[in-house]
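Given next are the chains, with one letter for each unit.
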Amino acid sequence: MATFLYKVGRLAFRRRHYVALLWIALLTLAGVGAASAPAAGASSFSVPGTEAQKAFDLLEQRFPGMSADGATARVVFKAPAGEKLDSGANKATVEKTVKDLGDGSEVVSVADPFKGKAVSKDGTIAYASVKYKVSGMELKDASKDALKETAQQARASGLTVEVGGDALTATPETGSTEIIGIAIAAVVLVITFGSLLAAGFPLLTALIGVGIGVSTITALANALDLGTTTSTLAMMIGLAVGIDYALFIVSRYRAELAEGREREEAAGRAVGTAGSAVVFAGLTVVIALVGLAVVNIPMLTKMGVAAAGTVAIAVLIALTMIPALLGYAGKKIKPTGQKSKILGGGRAKSAEKSARPNMGTRWASFVVRRPLAVLLLGVIGLGAAAIPAASLELGLPDDGSQPTSTTQRRAYDLLSEGFGPGFNGPLMVVVDAKDSKTPKADVTTVTDKIKALKDVTTVTPASFNKDGDTATITVVPDSKPSSVTTEDLVHGIRDAGAQVKSDTDSSVLVTGTTAMNIDVSQKLNDALVPYLILVVGLAFLLLIVVFRSILVPLKAALGFLLSVMAALGAVVAVFQWGWLSGLMGVEETGPVMSMMPIFMVGVVFGLAMDYEVFLVTRMREAHVHGEKPSQAIVTGFKHSARVVTAAAVIMIAVFSGFISSSESMIKMIGFGLAIAVFFDAFVVRMAIVPAVLALLGQRAWWLPKWLNRILPNVDVEGEGLRKLDSKDSDPDEDRELVRA
């Protein structure tokens, strides 16, 4: 592989005009496609195989026109202090508002609170339910604006009016810190390279790659049902890996220049060596993201595939456009150790300073001398950070998790005040009596069994379809939607339904937003272990090929588990317990997003393997060239520690930029990925990895002879390029090194 990529690098360097034009053309094409494509909202949400989804599908068949998954809004009214809503002026305002709410083209129905008994016992709070033809993700902006405007007009009369429900689903906003994250990345690159031009290349190529990826997603969003969250996550991951991959190749190019090679040759060798690591690092990220398909949640699969596509583009750009840009830069890119004049280049260094080992060398030497102490300190520290993960509670956000400044949260609180906390998460029980001879009797039996359960506040009379073979029953729990008590109630209804099924010919299904959230959490929990086995297993096999070792990939996987558990612990501490929540802009604590653990596992595993590949391949390269295991560790850190550190800081900065997002999922993922990269890069890869390798010694590179014979030689270390080093190189020595 190294030889092939070496030729690619040299070709891109020589034919830089064609390469640059190709990527600019692709960016233009994607941009035109995005600009001309119809706008698409957030993607639709379905969870195949769950009971809640089966119930939704059944309702679509048996209640045509009901729009079971259509958006809903609850317009909540509260009378001024000392007044009632059924008084003359207040009642007239409510009735006029109800009439205005029904004027929208996407509105199916509006329930009058006075006719539907939707007034609290004290007469001060009431709500009007609005049902729409399409889901909240597909609802037009005009319908949302009309809903807000109608509520605002009602407020003018003196009533408190708030709007809840999924009809006001908003497009997430990331805020200004995303730009700050990119700015921090630019500063880190300038410090790392000592050159404004060299620092600009990774940023430029990353932005081009993300531009192509996100524009392509936008162009296909309507056709493939890709939502705004998909493009945001693709941007987040694409920026981070795009900058990092380019950073490693530019850094290796400068190192090759420092060894006295010509610029075209240096570009070819940089792509052949660092580029090989980029390819395999990118493959691990792609495997982790595409592997999300095993969960069988379409939205999550689309997010993973779209982000994986952006990563693939980042790899291709790093391998081709970076050497092309280096060709344009010419002598303006300095060898390692030299800075541009504007940043202090040309100043003479003292002999003492020039001979002093760099920070990476000093740190690696310390770890090699004290491996056990460093290992224990790192493992204990991550273990302590992971303790909160034992209290992990999973759920999906509802209006109760919104900031108190939003109308959705205020509506949620008003409904809890007037009707009880469970009113915000009603359960819909669907009774399928198509095969029953006594459908009404069966439905009555189901209703009686539900009323006998604990934590049930209200059970509404059953509503049958036209054929009389299917009925819906609304159940209001006594506790809030995200509580464990409500989850137990859902399981209790389903257990009662199983008994009804055994006694009659009717089936009982529980659905609704609350039940769907419970089913999604369970589905994600069930998929986590198979997903880990698939992703870690494939990456483990890939790393065996890369490192030609059993213990090095095993150590990489175990180190990843430490860092991801510590990161989950930090997420629980901030978003569930409320530690430092004000600093992170978390106004309301609650359960961790159901998708968070599995998504974090996928993304962090891929990124963790990035650092493993970049750092350890340089160690293996030194070891293959004849250095002792302990010295190879120091050499690897000498050449890679500074760049890996810069790459980690850049990733942390980019991910942290998404913490200001208005979307709770994006905020949580941004924080989780940022802290996970911190733990993995600076504790696992920079401390635990060299400590373990130092303790293992020569055994770290052990590989059974039979496995060594059948494994393909991908030549990540660039052994095939050593033949080009000198005409006087010893052929026997080269063959021995390749065999090693």
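Keep in mind that this is a model prediction, so the values were computed, not measured.

K.L.:
Explain the overall build of the protein here, please?
P.N.:
Looking only at helices and strands, the protein has 24 helices and 11 strands in total. For the protein, the C-alpha radius of gyration of 30 Å lies close to 27 Å, the compact-globule estimate for 740 residues. By principal-axis analysis of the C-alpha atoms, the protein measures approximately 100 × 55 × 40 Å. Out of the 740 residues in the protein, the part that is buried amounts to 55%. Within the protein, contacts between residues separated by at least 24 positions form 80% of all contacts whose residues are at least 6 apart in sequence.

K.L.:
Is there a simple way to explain the environment of Val-677 in this structure?
P.N.:
You can see Val-677 is positioned in helix H22 (residues 664-696). For Val-677, a relative accessible area of 4% gives the class buried. Spatially, the C-alpha atom of Val-677 lies 9.3 Å from that of Phe-655, the residues being 22 residues apart in sequence. Aside from chain neighbours lying at most four places away, what touches Val-677 is Leu-607, Tyr-611, Ala-648, Met-651, Ile-652, Phe-655 and Phe-682.

K.L.:
What is the right way to read unusual backbone geometry from this model?
P.N.:
Peptide bonds are mostly trans, and most non-glycine residues show a negative phi. The phi dihedral of Asn-296 is positive, around 65°, even though this residue is not glycine. Position of Asn-296 relative to the elements: it lies in the loop between helix H9 (263-290) and helix H10 (298-329). In this structure Asn-296 comes out as partly exposed when scored by relative accessible area, which is 40%. Positive phi, close to 65°, is recorded for Asp-455, a residue that is not glycine. Asp-455 gets classed as buried once you look at its relative accessible area, which sits at 17%.

K.L.:
What should I look at first to understand H10 in this one?
P.N.:
Three- or four-residue spacings in an α-helix give side chains the same orientation, since the helix completes a turn every 3.6 residues. Here H10 spans 45 Å end to end across 32 residues, near enough to the 46 Å set by a 1.5 Å rise per residue. Along its length, H10 reaches its greatest deviation from straightness, about 35°, at Ala-318. Judged by how many residues are buried, H10 sits mostly within the fold: 23 of 32 residues are covered.

K.L.:
I'm lost on the sheet that holds strand E1 (residues 72-78) in this one. Help?
P.N.:
Working definition: the strands of a sheet are paired by backbone hydrogen bonds and lie parallel or antiparallel to each other. Across the sheet, which stays open at both edges, the 4 strands sit in the order E2-E3-E1-E4 with antiparallel pairing between neighbours. Looking at which strands have only one partner, the edges of the open sheet turn out to be strand E2 (107-111) and strand E4 (160-164). For this sheet, the mean inter-axis angle between neighbouring strands, taken without regard to orientation, is 20°. Sheet analysis places E1 next to strand E3 (residues 125-132), joined by 7 bridges and oriented antiparallel. Its bridge partner lying in E3, Thr-72 is registered against Lys-131. Contacts between helix H5 (residues 141-155) and the sheet are confined to E1, E3 and E4, with E4 contributing the most and set at about 160° to the helix.

K.L.:
It is not clear to me how the pattern of salt bridges should be interpreted in this structure. Could you clarify?
P.N.:
Opposite charge on two side chains makes pairing possible when the charged atoms of those side chains draw close. In total, this model carries 18 salt bridges according to the counting rule given. Notably, a salt bridge pairs Lys-555 with Glu-612, separated by 2.3 Å at the nearest N-O pair. In this pair, Lys-555 sits in helix H18 (residues 551-576) while Glu-612 sits in helix H20 (residues 596-624), placing the two residues 57 residues apart along the sequence. Taking relative accessible area as the criterion, Lys-555 reaches 9% and is therefore assigned buried. Residues participating in the shared-partner salt-bridge network are Arg-10, Arg-14, Glu-264, Glu-265 and Arg-269.

K.L.:
Quick question: what am I supposed to make of the packing of aromatic side chains here?
P.N.:
Scanning the model with the defined rule gives 8 aromatic pairs in all. Pairwise contacts between aromatic rings join Tyr-127, Phe-419 and Phe-423 into one cluster. Over the ring of Tyr-328 we find Arg-16, and its NZ or CZ is 5.9 Å from the ring centre. Sitting over the face of the ring of Tyr-127, Arg-74 holds its NZ or CZ atom 5.3 Å from the ring centroid.

K.L.:
What's the story with the packing of helix H15 (residues 439-451) against helix H16 (residues 484-503) in this structure? I'm lost.
P.N.:
Think of two packed helices as two axes; the pair is described by the angle between the axes and how far apart they sit. Interhelical geometry of H15 versus H16 gives an angle of 145° and a closest axis separation of 10 Å. Seen from above, H15 lies across H16 with right-handed handedness. When H15 is examined against H16, the residues Val-446, Lys-449 and Ile-450 are found in contact with a partner set consisting of Ile-493, Ala-496, Gln-499 and Val-500. Residues belonging to the contact of H15 with H16 are distributed by class as follows: 5 nonpolar, 1 polar and 1 charged.

K.L.:
Looking at this model, I keep getting lost on H22. Mind explaining?
P.N.:
Largest kink in H22: about 40°, centred on Val-684. With its phi angle positive at about 65°, Gly-697 sits one or two positions after the end of H22.

K.L.:
Quick question: what am I supposed to make of the environment of Met-600 here?
P.N.:
In this fold, Met-600 is placed in helix H20. Taking C-alpha positions, Met-600 is 10 Å from Leu-289, a pair spaced 311 residues apart along the chain. Excluding its chain neighbours within four sequence positions, the residues that come into contact with Met-600 are Val-564, Ala-567, Leu-568, Val-571, Phe-605, Gly-672 and Leu-673.

About the criteria used
- Residues numbered from 1 in each chain as written.
- Predicted model: local features only at pLDDT ≥ 70, side-chain atom pairs only at ≥ 80, totals over all residues.
- Heavy atoms only, no water.
- Helix = DSSP H or I, 4+ residues; strand = E, 2+ residues; numbered from the N terminus.
- Rg over C-alpha atoms; globule rule 2.2 N^0.38 Å.
- Buried < 20%, exposed > 50% of the residue type's maximum accessible area, 1.4 Å probe, protein only.
- Contact = heavy atoms within 4.5 Å.
- Expected span 1.5 Å × (residues − 1).
- Bend = angle between axes of the 7 residues up to and from the residue.
- Pairing = 2+ DSSP bridges.
- Axes fitted to C-alpha atoms, helices over the stretch in contact; angles between N-to-C directions.
- Salt bridge = Lys/Arg side-chain N within 4 Å of Asp/Glu carboxyl O.
- Phe/Tyr/Trp six-rings, centres within 6.5 Å; stacked < 30°, edge-to-face > 60°.
- Lys NZ or Arg CZ within 6 Å of the ring centre and 35° of its normal.
- Left-handed = near helix turned anticlockwise from the far one by under 90°.
- Nonpolar A, V, L, I, M, F, W, Y, C, P; charged D, E, K, R; others polar.

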